[in-house]
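Spelled out, the chains give:
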Amino acid sequence: MTDRAFTRVERRPGHAPRRAVSADPLYPVSPAMPTAPHSPPVPAPVATSSAHAPIDVSVVMPCLNEQDTLAACIDSARDGLRRLGARGEVVVADNGSTDRSVEIARDHGARVVHVRERGYGSAYRGGFAAARGRTIVMGDSDDTYDFSKIEALVAELDRGADLVLGSRLRGDISPGAMPWLHRYVGNPALSAMLNLIYRTRISDTHSGFRAFRREALERLDLRTTGMEFASEMLIAAARAGWRIREVPIAYRSRGGESKLRTFRDGWRHLRLLLLYSPRHLFTWPGGLMVALGLLLLAALVRGPIVVLGRFVDFHVMFVGSLLATLGTQVLTLGLFATSWKAPPRWFTLERGLVAGGLLLAAGAAGNLAILVHWLREGFAGPLVAVRLAILALTLIVMGAQVLFSSFYLDLLRAMQAPARPAVEEDEPARAEGDDA
Ligand SMILES: Nc1nc2c(ncn2[C@@H]2O[C@H](COP(=O)(O)OP(=O)(O)OP(=O)(O)O)[C@@H](O)[C@H]2O)c(=O)[nH]1
Ligand SMILES: [Mg+2]
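Rules of the game
Residues numbered from 1 in each chain as written. Chains lettered and ligands numbered in written order. Predicted model: local features only at pLDDT ≥ 70, side-chain atom pairs only at ≥ 80, totals over all residues. Helix = DSSP H or I, 4+ residues; strand = E, 2+ residues; numbered from the N terminus. Buried ≥ 20, exposed ≤ 12 C-beta atoms within 10 Å, placed from the backbone. Contact = placed C-beta atoms within 7 Å. Pairing = 2+ DSSP bridges. Near = placed C-beta within 6 Å. Axes fitted to C-alpha atoms, helices over the stretch in contact; angles between N-to-C directions. Parallel < 35°, antiparallel > 145°, perpendicular 65-115°, else oblique. Left-handed = near helix turned anticlockwise from the far one by under 90°. Nonpolar A, V, L, I, M, F, W, Y, C, P; charged D, E, K, R; others polar. Expected span 1.5 Å × (residues − 1). pLDDT = per-residue confidence, 0-100. Core = buried A, V, L, I, M, F, W, Y, C linked by C-beta atoms within 7 Å.

**Here's the deal with the overall build of the protein chain**
Scanning the protein chain from terminus to terminus reveals 12 helices and 10 strands. Split into buried and exposed, the 436 residues of the protein chain put 37% on the buried side. For the protein chain, contacts bridging at least 24 residues in sequence account for 76% of all contacts bridging at least 6.

**Remarks on the pairing of strand β7 (residues 210-213)**
As paired elements, strand β5 (residues 135-138) and β7 share 4 bridges and run antiparallel to each other. Note that in β7 the partner of Val-137 across the bridge is Ala-211. Two elements, strand β6 (residues 163-173) and β7, share 3 bridges in a ladder whose sense is antiparallel. Residue pairing in the sheet places Leu-165 in a bridge with Arg-210 of β7.

**A few points about the site of ligand 1**
Around ligand 1, 20 residues are found, and the nearest of them are Pro-62, Ala-123, Asp-140, Ser-258 and Lys-259. Breaking the shell around ligand 1 down by element, the ones donating at least two residues are β2 (57-63), β3 (88-94) and α3 (120-130).

**Concerning the packing of helix α9 (residues 278-300) against helix α10 (residues 314-338)**
Here α9 crosses α10 at 150°, and the two axes come no closer than 6 Å. When the axis of α9 is compared with that of α10, the two are roughly antiparallel. Remark: the crossing between α9 and α10 carries left-handed chirality. Counted by class, the contact of α9 with α10 contains 21 nonpolar, 10 polar and 1 charged residues.

**A look at unusual backbone geometry**
Phi angles above zero are rare outside glycine, and Arg-199 is one such case at about 55°. Along the chain, Arg-199 turns up in the loop between α5 (180-198) and β7. Arg-199 sits in the exposed class, given 9 other C-beta atoms within 10 Å. The phi torsion at Asp-221 lies on the positive side, around 55°, for a residue other than glycine.

**Concerning helix α1 (residues 70-84)**
Helix length check: α1, at 15 residues, gives a terminal C-alpha distance of 21 Å against a target of 21 Å (1.5 Å per residue), a fit within 8%. Taken as a whole, α1 has its buried residues at Leu-70, Cys-73, Ile-74, Ser-76, Ala-77, Arg-78, Gly-80, Leu-81 and Leu-84. Considering only its buried residues, α1 is in contact with β2, β3, α2 (101-107) and α4 (150-158). Of the residues flanking the end of α1, it is Gly-85, one or two places downstream, whose phi is positive at about 70°.

**Notes on the environment of Gly-171**
Looking at the secondary structure, you find Gly-171 in strand β6. By the C-beta count within 10 Å, which is 17 here, Gly-171 ends up partly exposed. In sequence terms Gly-171 and Tyr-251 are 80 residues apart; their C-alpha atoms lie 7.8 Å from each other. Sequence-distant contacts of Gly-171, defined by excluding residues within four places in its chain, comprise Pro-248, Ile-249, Ala-250 and Tyr-251.

**Concerning the packing of α5 against helix α8 (residues 262-275)**
Taken N-terminus to C-terminus, the directions of α5 and α8 make an angle of 10°; their axes are 10 Å apart at the nearest point. Judged on the interaxial angle alone, α8 and α5 are roughly parallel. The segment α5 lies against α8, with Leu-181, His-182, Gly-186, Leu-190, Met-193, Leu-194 and Ile-197 engaging Thr-262, Gly-266, His-269, Leu-270 and Leu-273. Across the contact of α5 with α8, the residue classes break down as 7 nonpolar, 5 polar and no charged.

**Some details on the confidence of the model for the protein chain**
For the protein chain, the average pLDDT comes to 87, and 87% of its residues sit at 70 or higher. Note on residues 1-51: pLDDT under 50 across the span, and 96 contacts to partners over four residues away in sequence or across chains.

**Here we look at the nonpolar core**
In terms of nonpolar packing, the biggest core is built from 65 residues, with Val-59, Val-60, Val-91, Val-92, Ala-93, Ile-136 and Val-137 touching the most fellow members. Counting residues per element, this core draws most heavily on helix α7 (residues 229-239), at 7 residues. Within the second largest apolar cluster, 18 residues are counted, among which are Phe-282, Val-290, Leu-331 and Ala-392.

**Considerations on helix α12 (residues 386-416)**
Here α12 contains 31 residues, and its C-alpha end-to-end distance of 45 Å stays within 8% of the 45 Å for a straight helix at 1.5 Å per residue. Those residues of α12 not exposed but buried are Leu-391, Ala-392, Thr-394, Leu-395, Met-398, Gly-399, Val-402, Ser-406 and Leu-409. Contacts from the buried residues of α12 go to α9, α10 and α11 (349-376).

**A few points about the environment of Gly-139**
Within the secondary structure layout, Gly-139 lies in the loop between β5 and α4. Classification of Gly-139 by C-beta neighbours within 10 Å gives buried; the count is 27. Placed 15 residues apart in sequence, Gly-139 and Tyr-124 show a C-alpha to C-alpha distance of 9.6 Å. Excluding anything up to four places from it in sequence, Gly-139 contacts Met-61, Tyr-145, Phe-147, Gly-208 and Phe-209.

**Considerations on the environment of Arg-279**
With respect to the secondary-structure elements, Arg-279 resides in helix α9. Given 14 C-beta atoms within 10 Å, Arg-279 falls into the partly exposed group. For Arg-279 and Ile-197, which are 82 residues apart along the polypeptide, the C-alpha to C-alpha distance reads 9.3 Å. Setting aside anything within four residues of it in sequence, one finds Arg-279 in contact with Trp-284 and Gly-334.

Encoded structure:
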């Protein structure tokens with residue numbers, strides 16, 4: 001969020017700067033703010049962050065070809081700021097509109113920020129980096145949210161919330177404003193998943209109408225570029241221990257064309273929810289697979305068992321073997337994924353080698369037992385020791401995986417070790433040749 005390299009704040013080119021005068025106390029004009037002599041009448045210009053006119057609230061809107069609705073959103077946001085009695089600005093973050101959006105934004109007194117990187121998330125990150133307000137309110141520029149009600153969101157911030165979300169699902173959704181699939185399937189399912197994994201209690205995780213403090217947001221270090229940015233912000237906020245609150249809001253049908261693609265963007269959200277939680281993606285499923293696999297192997301190694309009146313034999317042992325080896329693989333991937341900053345404290349290479357070595361030794365012992373049995377029989381008849389062989393093979397594969405993964409984890413640890421050890425001196429050093 002601190003990277004301003006991607007953003008370029010729009011100035012009106014080709015016109016000599018003139019000092020602007022604002023009749024509106026809520027939109028103070030900086031002496032540096034130029035106006036164009038021949039441009040159409042400009043509504044009260046937005047404030048800047050000069051020492052004389054600090055900004056209280058920035059309303060940031062991402063915009064991609066929203067010429068039908070942008071003007072109404074900006075006007076409504078200005079109205080909302082006025083009701084709030086705050087010094088405000090409206091920032092339109094655009095990255096490639098080919099219609100009249102940019103022109104409309106300028107004409108309606110918004111600051112336009114051109115973000116080089118494409119996507120909803122990029123637009124927001126650029127807009128936030130350029131915003132000057134202590135508080136930021138974000139929302140779509142498609143006229144679905146009522147910006148004149150930003151007061152309700154900001155009031156919750158003032159009551160101690162760190163992030164306030166407008167909840168459409170607890171509010172009022174106009175008929176046709178949200179497709180059936182989004183309202184009853186996609187949004188509730190993804191919200192439930194986010195709540196479960198990140199221990200939040202948010203009714204509408206995809207609401208784009210939100211408020212927070214700018215400085216706090218910078219610490220979240222958000223990075224995604226597309227629509228999944230909406231989820232990333234919540235995940236990061238939850239992890240940072242932010243107090244997240246919701247206020248019911250109205251949601252209207254959008255004007256213009258939707259930029260949301262249900263399956264592509266739904267998948268981007270889902271992918272993010274999983275990727276940001278290696279424990280849910282790798283550790284728990286992997287652990288479950290190993291436990292179930294070993295249980296099946298242990299139950300069947302001595303002979304077939306009867307379950308619900310049916311014989312269960314070594315074919316199920318194959319399944320157990322598969323689960324145990326696959327699970328070990330997934331578990332170790334989980335360890336790698338959670339160790340990119342630092343391997344867990346309990347891990348040492350020696351412990352890993354002992355664990356891997358024990359598994360290997362157990363597998364080897366199983367195979368040895370089969371061999372000894374065969375020798376004792378004088379190699380007579382066909383060798384049928386399938387159950388023990390499956391178990392032995394599984395333990396050997398698991399052992400080798402643990403062993404080599406331990407080396408890899410130790411390599412990660414070694415690479416993270418500081419290149420220069422910290423040094424403390426007892427006394428100030430005296431150079432040779434100094435007088436005593
Ligand atoms: N700058 C920029 N803005 C974008 C981009 N994609 C979407 N937006 C804006 O982000 C807001 C949200 O996009 P929408 O198409 O409304 O998506 P949505 O709200 O999830 O879906 P709807 O229910 O159809 O409105 C709108 O204001 C878009 O103009 C993008 O790539 N760049
Ligand atoms: Mg929208």
